[in-house]
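Residue strings, one per chain:
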Amino acid sequence: MSYLVLARKYRPQKFSDLTGQETTSKILQSAIAQGRVASAYLFSGPRGTGKTTSARIFAKALNCGNPKNFEPCGECSSCEEITKSTSMDVLELDAASHTGVDNVREVIINTVAYAAARDKYKVFIIDEVHMLSSQSFNALLKTIEEPPPHVVFVLATTEYHKIPATIASRCQRFRFLPLTQKEIAQTIKNIAKIEKISISDDALGLLARAAAGSMRDALSLMDQIISHFPLTGGKNEISLENAEEILGVVREDFLIEFLGHVSAKNPKGALEAVGKLLEEGHDLSYFLKELRESFRQMMIEKCGYKEENNFIARKKAYPTEKFTLEELLRASQLLSKCADQMRWNDFPRMVFECYAVKLCQQAMDVSEIL
């Protein structure tokens, strides 16, 4: 049997297994309990936050033969078939590969009137629905607004702004927010325990930060670490150094060193650091992202605010005291401009170096100017 990646192996199968979407889970369960199931739902949010997974769990809960507290049992034939994507009554459509109106007519409109083959509800899950053409959306309008009583539509999208208002207004919308670092780290820790792999808190923090709110990204990165790193001494251990080496992320001490050059107004040291970074094969875009986050952390620390959901415990403190609040704001604005220009420039290194020198220039005080 082929290897099953962690993101699929540990895909949630019940509402209680979902991470970070407790409100959505409670509302969907309550709708089933009260018999107030809507004809269409729209799940929107960033990638890897559980939209399609929630749609499948919702479909299982609607059709489960032995529900427990409005949770799917996971053991009946309906639940098993939906888990394996073989159910005749739960049709999952990838809008990215079925954009045309003919596909919509063939798969949905021409079959929606038929009763469910066995289960109570016929559920249509349309993933990345924003990829449908305008003609396809128009063809769906009436069907989504007034489907037969045995039909439920669940639309999932990462780009809500591309959904026509005529479609969105006919759906109950659920917003899936990016997961916090604590939520991601705790889930990875639980999975590592099941897999009998030891992972340090520093490595957990690195994975949680690199995932950027996506649980699927976090599990994919963990898969990469497990499969590529030769576990030393016969022990399944993942340290921060191992994770940094395999993922190619910028080391924390290097970031602190670069911030030191900026605070000391040392453009030569900053440029040497950039050169060293590239010699080691790091990606400037990723380093810029880390640099922007570090200035953000220093800015909120300067304002006296502390993020409760920030899992990362830094070994070395950022040199916050060496920057004024005005300097931190100016640096954040400069780095945002740098990110925009690097995206479209054919020589991103030069762009980054120019802004690195600008960061090291003495900022003029507003009160002195006035």
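For the structure, see preceding data.
Sequence order as written defines the numbering, with residues in each chain counted from 1. This being a predicted model, a pLDDT of at least 70 is required before a residue's local features are given, and a value of 80 or more before pairs of side-chain atoms are given or counted; all residues contribute to the totals for chains, interfaces and linings. By convention in this description, side-chain values take in all heavy atoms of the structure and omit both hydrogens and water.

Chemist: Go over the overall build of the protein with me, naming the residues and quoting the values.
Modeler: Helix and strand assignments follow DSSP, with helices taken as H or I runs no shorter than four residues and strands as E runs no shorter than two, numbered in order from the N terminus. A tally of helices and strands in the protein yields 17 helices and 7 strands. Referenced to the eigenvectors of the C-alpha coordinate spread, the extents of the protein come out at roughly 70 × 55 × 40 Å. Counting the 370 residues in the protein, one finds 44% classified as buried. Note on definitions: a residue-residue contact is assigned when non-hydrogen atoms from the two residues lie within 4.5 Å. Put simply, of all contacts in the protein between residues at least 6 apart along the chain, 75% involve residues at least 24 apart. Here the protein displays about 19,500 Å² of accessible surface, and carbon together with sulfur accounts for 51% of that area. Only four residue types enter the tally: Lys and Arg on the positive side, Asp and Glu on the negative side; His and the chain ends are excluded. The atoms used to mark charge sites are NZ of Lys, CZ of Arg, CG of Asp and CD of Glu. The distance from the centre of the 46 positive side-chain charges to the centre of the 47 negative ones in the protein is 3 Å. The cut-offs for exposure are 20% and 50% of the maximum accessible area for each residue type, with area from a 1.4 Å probe on protein chains only; residues under the lower value are buried, those over the upper are exposed, and the others partly exposed. A 1.4 Å probe and the Shrake-Rupley method give the accessible areas. Residues count as covered only by the protein chains that appear here.

Chemist: Would you mind going over the side chain of Ser 294 in detail, with residue names and values included?
Modeler: Summarising the element assignment, Ser 294 is placed in helix H14 (residues 284-302). A relative accessible area of 0% places Ser 294 in the buried class. Residues contacting Ser 294, with those up to four places away along its chain left out, are Leu 255, Leu 259 and Tyr 318.

Chemist: Residue-level account of the pairing of strand E4 (residues 151-157), with values.
Modeler: Taken across its 7 residues, E4 has 7 buried, putting it largely inside the fold. Residues of E4 alternate between two faces, with Val 151, Phe 153, Leu 155 and Thr 157 on one and Val 152, Val 154 and Ala 156 on the opposite face, all of them buried. Sheet analysis places strand E1 (residues 40-44) next to E4, joined by 5 bridges and oriented parallel. Bridged to Phe 43 within E4 is Ala 156. Pairs of strands are assigned from DSSP output, requiring at least two bridges between the strands.

Chemist: Outline the sheet that holds strand E3 (residues 122-127), listing residues and values.
Modeler: The strand order E2-E3-E4-E1-E5 describes an open sheet built from 5 strands, whose pairing is parallel. Only two strands of the sheet have a single neighbouring strand rather than two, namely strand E2 (90-94) and strand E5 (172-175). Each neighbouring strand pair of the sheet contributes to a mean axis angle of 15°, computed without reference to strand direction. Pairing of E3 with E4, which is carried by 5 bridges, proceeds in the parallel orientation. Residue Ile 126 lies in a different strand from E4, and its bridge partner there is Leu 155. Comment: axis = line fitted to C-alpha atoms, over the contacting stretch for helices; angle = value between 0 and 180 degrees taken between N-to-C directions. Contacting E1 and E5, helix H2 (residues 22-34) runs over the sheet at an angle of about 150° to E5.

Chemist: Describe the packing of helix H12 (residues 252-263) against helix H13 (residues 267-279), listing the residues and the values that go with them.
Modeler: For the pair H12 and H13, the least separation of the axes is 8 Å and the interaxial angle reads 155°. Relative to H13, H12 is oriented roughly antiparallel. With respect to the hand of their crossing, H12 and H13 are arranged in left-handed fashion. Residues Phe 254, Phe 258 and His 261 of H12 lie in contact with H13, whose contacting residues are Gly 269, Ala 270, Ala 273, Val 274, Lys 276 and Leu 277. Residues were grouped as follows: Ala, Val, Leu, Ile, Met, Phe, Trp, Tyr, Cys and Pro as nonpolar; Asp, Glu, Lys and Arg as charged; and all remaining residues, including Gly, as polar. A per-class count over the contact of H12 with H13 returns 6 nonpolar, 2 polar and 1 charged. Roughly parallel here means an angle under 35 degrees, roughly antiparallel means over 145, roughly perpendicular means 65 to 115, and every remaining angle is called oblique. In a left-handed crossing the near helix is turned counterclockwise from the far helix by less than a right angle, and in a right-handed crossing that turn is clockwise.

Chemist: Any details on the environment of Thr 99? Residues and values, ideally.
Modeler: Position of Thr 99 relative to the elements: it lies in the loop between E2 and helix H5 (101-109). Residue Thr 99 is classed as partly exposed on the basis of its relative accessible area of 30%. The sequence separation of Thr 99 and Ser 133 amounts to 34 residues, and the corresponding C-alpha distance is 5.6 Å. Not counting the four nearest positions on each side in its chain, Thr 99 is found in contact with Met 131, Leu 132, Ser 133 and Ser 136.

Chemist: Run through H5, naming residues and quoting values.
Modeler: Every buried residue of H5 is accounted for by Val 101, Val 104 and Ile 108. When H5 is viewed along its axis, its buried side chains cluster within an angular range of 60° and face the same direction. Along H5, the residues that are exposed and aim more than 90 degrees away from the buried face are Asp 102 and Glu 106. On its buried face, H5 is in contact with E2, E3, helix H6 (134-145) and E4. The arc refers to the directions leading from the helix axis to the C-beta atoms.

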